[in-house]
Each structure stands twice: as structure tokens, then as C-alpha cells.
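Understanding the architecture of this molecule
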Amino acid sequence: MTVGWCTGLLPAAVAACSQSLVQVLQLSPTTIHLAVRLGLEAYKRAEIIETSDKSWTRVVSGLTENEVGNILRQFNSTNVRPCDTYLSVSIGEPVD
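Heads up: these notes are all about the structure in this document.

Reading the values: the criteria
- Residues numbered from 1 in each chain as written.
- Predicted model: local features only at pLDDT ≥ 70, side-chain atom pairs only at ≥ 80, totals over all residues.
- Heavy atoms only, no water.
- Axes fitted to C-alpha atoms, helices over the stretch in contact; angles between N-to-C directions.
- Helix = DSSP H or I, 4+ residues; strand = E, 2+ residues; numbered from the N terminus.
- Parallel < 35°, antiparallel > 145°, perpendicular 65-115°, else oblique.
- Left-handed = near helix turned anticlockwise from the far one by under 90°.
- Contact = heavy atoms within 4.5 Å.
- Nonpolar A, V, L, I, M, F, W, Y, C, P; charged D, E, K, R; others polar.
- Polar contact = N/O pair within 3.5 Å; in protein donor to acceptor, adjacent residues only side chain to side chain.

**Concerning the packing of helix α1 (residues 9–17) against helix α2 (residues 21–49)**
- Across the interface, α1 lies against α2 with an axial gap of 9 Å and an inter-helix angle of 160 degrees. The angle between the axes of α1 and α2 places the two elements in the roughly antiparallel class. For the pair α1 and α2, the sense of crossing is right-handed. In contact with L10, P11, V14 and C17 of α1, α2 contributes Q23, V24, L27, T31, L34, A35 and L38.
- A breakdown of the residues in the contact of α1 with α2 according to their chemical character gives nine nonpolar, two polar and no charged.

**Quick word on the side chain of T31**
- The topology assignment puts T31 in helix α2.
- A polar contact is formed between the side chain of T31 and the backbone oxygen of L27, at a distance of 2.8 Å.
- When near neighbours in sequence (up to four residues on either side) are disregarded, T31 contacts L10, P11 and V14.

Listed below in C-alpha cells is the structure:
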């Protein structure tokens, strides 16, 4: 199972739940605190998996989402790691 978290969800939740600017301001300190804690936890877990100064992010172009998925499934089946490599974002063709 893969679980992803984007800290952009936090301000979106605040905006969706708040009925006024005052409520946004009241929730902001807790939201910032939670975002920092999530970032720190993600950093700690990343260090447990692999200590590296290099980015884990890759941009792939010229392949379909299915092609990338097949490549990743093959990679994950042949490389034993604490977690699988996965596709987190797919952007289709530009709309004219």
C-alpha cells in the first residue's frame, strides 16, 4: 500500500473549513506547526531508508503513464528496498 501526503492539503483544509478570515488566522499556527512536523517526520523516514544528498525526484518525458508504470513494477520486483518506487504525478498532453 502506498500512502502519499502533500502539505498543500493543509491550507486547503483550513480554507474549506473556515467561515471567515478570523478562523483562517486562528487555524494558521496549528497548520504551520503540523506542516513542519510532517516535514520533519518525512525527513527522518527518508534518512532511515537512504542517506543521500541527491534528489529522489525524477522527471520523465516521452513515455506514457502505463509505460512508466510497467518500468517501475519491473524495478520494484527486482530491487529489494524498504518501500517501492512509485509514480506520484502524471500530467497528460497540453490542452490547446
